Amino acid sequence: MDAPFHLSASRIRRSYRIGRRTVEVLRDINLDIAHGETVFLVGASGAGKTTLLYTLAGLEKPEAGSVTFEGEVLYSQGDKAECLRRNRRIGFVFQGYFLLPELTAFENVLLPSHIHRIPDATARARAENALERVGLADRMQHLPAELSGGEQQRVAIARALINEPSLLFADEPTGNLDSRTGATIIELLLTLVREQRRTMVVVTHDPNLAQRGDRRLEIRDGQIVP
Ligand SMILES: Nc1ncnc2c1ncn2[C@@H]1O[C@H](COP(=O)(O)OP(=O)(O)O)[C@@H](O)[C@H]1O
Ligand SMILES: [Mg+2]
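All figures in this text were calculated on a predicted structure; none of them were measured in a lab. Numbering of residues begins from 1 in every chain and follows the order in which that chain's sequence is written. As they are written, the chains are lettered A onward and the ligands numbered 1 onward, keeping that order. Per-residue local features of the predicted model are confined to residues with pLDDT of at least 70, and side-chain atom pairs are confined, for both listing and counting, to 80 or more; whole-chain, interface and lining totals are unaffected and use all residues. Hydrogens and waters are ignored; side-chain quantities use all the structure's heavy atoms.

Asker: Got a minute to help me understand the environment of Val155 in this structure?
Answerer: Strands are runs of DSSP state E lasting at least two residues, helices are runs of H or I lasting at least four, and both sets are numbered from the N terminus onward. With respect to the helices and strands, Val155 occurs in helix α5 (residues 149-161). Relative accessible area decides the class of each residue, using a 1.4 Å probe on protein chains only: under 20% of the type maximum gives buried, over 50% gives exposed, and in between gives partly exposed. Here Val155 falls in the buried class, since its relative accessible area comes to 1%. When the C-alpha atoms of Val155 and Val109 are compared, they prove to be 6.7 Å apart, with 46 residues separating the residues in sequence. In this view, Val155 contacts Leu99, Ala105, Asn108, Val109, Leu131, Leu136 and Leu147; residues no more than four positions away in its chain are not counted. Any two residues having at least one pair of non-hydrogen atoms within 4.5 Å are treated as being in contact.

See the structure below:
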C-alpha cells in the first residue's frame, strides 16, 4: 500500500556553529506533503529555506528528527543503495542553477543519469527529450555562458527531471530572473509536474507565485508558521 504521505518531516532540528555562536536554523519542523501536491515554501532571507530543502531531499542530515519519503526513513542506513534510490526518485533544482560551466547543456542534463548505469543510448535519448520539453531543442550544444538566465534555469530543470523523479524540489527558481521570465519558468514547472503527477516543493520570495500551488508554507523562527 502507498504511504499516506509522499514526504513527511517530524521534529527536524538543525543548527550551524559560527565561531562560538550557534545559530538554530531549524528548531522544530513538522510537515506532511501528499502525493501530487505542489507546495510553495516562503520565508525571509536566511530563514532556513535552503537548509530545509536539503534536509528533506536527503542531502543534509538533520541533528534530530526524521524525514520519511515514500514510506522509508531517510538517513537511516546511510548506504549507497539509499543514495542511489534518492538520486533516482528525487530531483533538485538548485539555487543559482549550479550548472557545470565547461559542459554543454546536453552534457549537464546527462550527468545524473551516469550514476545509474543507464545504457548510453537511453540516457542520451532521455536528455534530448528533457531538453525538448523545456523548450531548448536548439540549444543543446550551448555552454551555460552562452545561455540566458532563463535558459540556464531550463537546463537545470531538465537535469532535475532526467531520472523521472516522483518528487521535485526547486530552490528560488525565479530568483535571478526578471518577473516575466520567472513566471514562464513557474508555468513550465507546474506543467511538468502535473503531466506526471509529481510532487513539488518550490521556494520563492514572490507572494504572487506562491499562490499558484496547492498550499503555501511559511518558515519563521525555525518553525513552519501554523
Ligand atoms: N554551511 C553553513 N555554515 C554556517 N551557517 C550556515 C550555513 N548554511 C547556512 N547557514 C546559515 O543558516 C541560515 C539559513 O540559511 P539558508 O537555509 O540558506 O536560508 P534561506 O535559504 O532561507 O535564505 C542563515 O543564517 C545562514 O547564514
Ligand atoms: Mg536559500
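Asker: What's the story with the site of ligand 1 in this structure? I'm lost.
Answerer: The cutoff for a nearby residue is simple: one of its non-hydrogen atoms must lie within 4 Å of the molecule or strand. Close to ligand 1 lie Tyr16, Ile18, Val25, Ala44, Ser45, Gly46, Ala47, Gly48, Lys49, Thr50 and Thr51, which account for all nearby residues. One nitrogen or oxygen atom from the main chain of Gly48 is found 3.0 Å from an oxygen atom belonging to ligand 1. Polar contacts, as counted here, are pairs of nitrogen or oxygen atoms within 3.5 Å of one another; within protein the pair requires one atom able to donate a hydrogen and one able to accept it, and residues that are adjacent in sequence qualify only if both atoms are side-chain atoms. Backbone polar atom of Lys49 to an oxygen atom of ligand 1: 2.8 Å apart, as the coordinates give it. Calculation of accessible area relied on Shrake-Rupley with a 1.4 Å probe; when residues are assessed, cover is drawn exclusively from the protein chains displayed. In the complex, the protein chains occlude 61% of the 560 Å² of accessible area that ligand 1 would expose alone. When residues of the shell around ligand 1 are traced back to their parent elements, those giving at least two are β1 (7-18) and α1 (49-56). With three residues, α1 is the single largest residue contributor to the shell around ligand 1. In this classification, the charged set is Asp, Glu, Lys and Arg, the nonpolar set is Ala, Val, Leu, Ile, Met, Phe, Trp, Tyr, Cys and Pro, and all remaining amino acids, among them Gly, are polar. Here the shell around ligand 1 is composed, by residue class, of five nonpolar, five polar and one charged.

Asker: What is the right way to look at the pairing of strand β4 (residues 64-69) in this model?
Answerer: Here is the key point about a regular strand: its side chains alternate between the two faces of the sheet. By the convention used here, strands pair only if DSSP detects at least 2 bridges between them. Note that β1 and β4 share five bridges and pair antiparallel. Bridging from a neighbouring strand, Ser10 pairs with Ser66 of β4. Relative to strand β5 (residues 72-73), β4 is paired through two bridges, and the arrangement is antiparallel. Pairing of Phe69 across the sheet is with Glu72, part of β5. Linking β4 back to β5 in an antiparallel pair, the connection comprises two residues, with Glu70 at a positive phi of about 50°.

Asker: For this particular structure, what's the right way to read the environment of Asn163?
Answerer: If you trace the backbone, Asn163 turns up in the loop between α5 and β7 (167-171). On the basis of relative accessible area, Asn163 is assigned to the buried category, the value being 8%. Between the C-alpha atom of Asn163 and that of Ala127, which follows or precedes it by 36 residues, the distance is 9.4 Å. Beyond its immediate sequence surroundings of up to four residues, Asn163 is in contact with Asn87, Arg88, Pro112, Ser113, His116, Ile118 and Arg126. Within the structure, the side chain of Asn163 is placed 3.4 Å from the backbone oxygen of Pro112, a separation counted as a polar contact.

Asker: How should I be thinking about the packing of aromatic side chains in this particular structure?
Answerer: Each aromatic pair joins two rings of Phe, Tyr and Trp (for Trp, the six-membered one) with centres within 6.5 Å, and gets the label stacked for planes under 30 degrees apart, edge-to-face for over 60, and tilted for any other angle. Enumeration over the complete set of coordinates arrives at five aromatic pairs. Note on Tyr54 and Phe92: the rings are 5.3 Å apart at their centroids and 80° apart in plane angle, and the pair reads as edge-to-face. Taken together, the positions of Tyr54 in helix α1 and Phe92 in strand β6 (residues 90-93) put the pair 38 residues apart, joining distant regions of the chain. Taken together, the aromatic side chains of Tyr54, Phe92, Phe94, Phe98 and Phe169 make up a single cluster linked through ring pairs.

Asker: Can you help me understand the packing of helix α3 (residues 105-114) against α5 in this one?
Answerer: The axes of two packed helices give the description: the angle between them and the distance between them. Only the stretch in contact is used when fitting a helix axis, every axis being a line fitted to C-alpha atoms; angles between N-to-C directions are given from 0 to 180 degrees. For the pair α3 and α5, interaxial distance at closest approach is 7 Å and the crossing angle is 30°. Taken together, the axis directions place α3 and α5 in an arrangement best described as roughly parallel. Relative to α5, the crossing made by α3 is right-handed. From α3, Ala105, Asn108, Val109 and Pro112 reach across to α5, where they touch Val155, Ala158 and Arg159. Looking at the contact of α3 with α5, its residues break down into five nonpolar, one polar and one charged. Convention used here: angles under 35 degrees read as roughly parallel, angles over 145 as roughly antiparallel, angles from 65 to 115 as roughly perpendicular, and any remaining angle as oblique. Each crossing gets its handedness from the near helix: less than a right angle anticlockwise from the far helix is left-handed, clockwise is right-handed.

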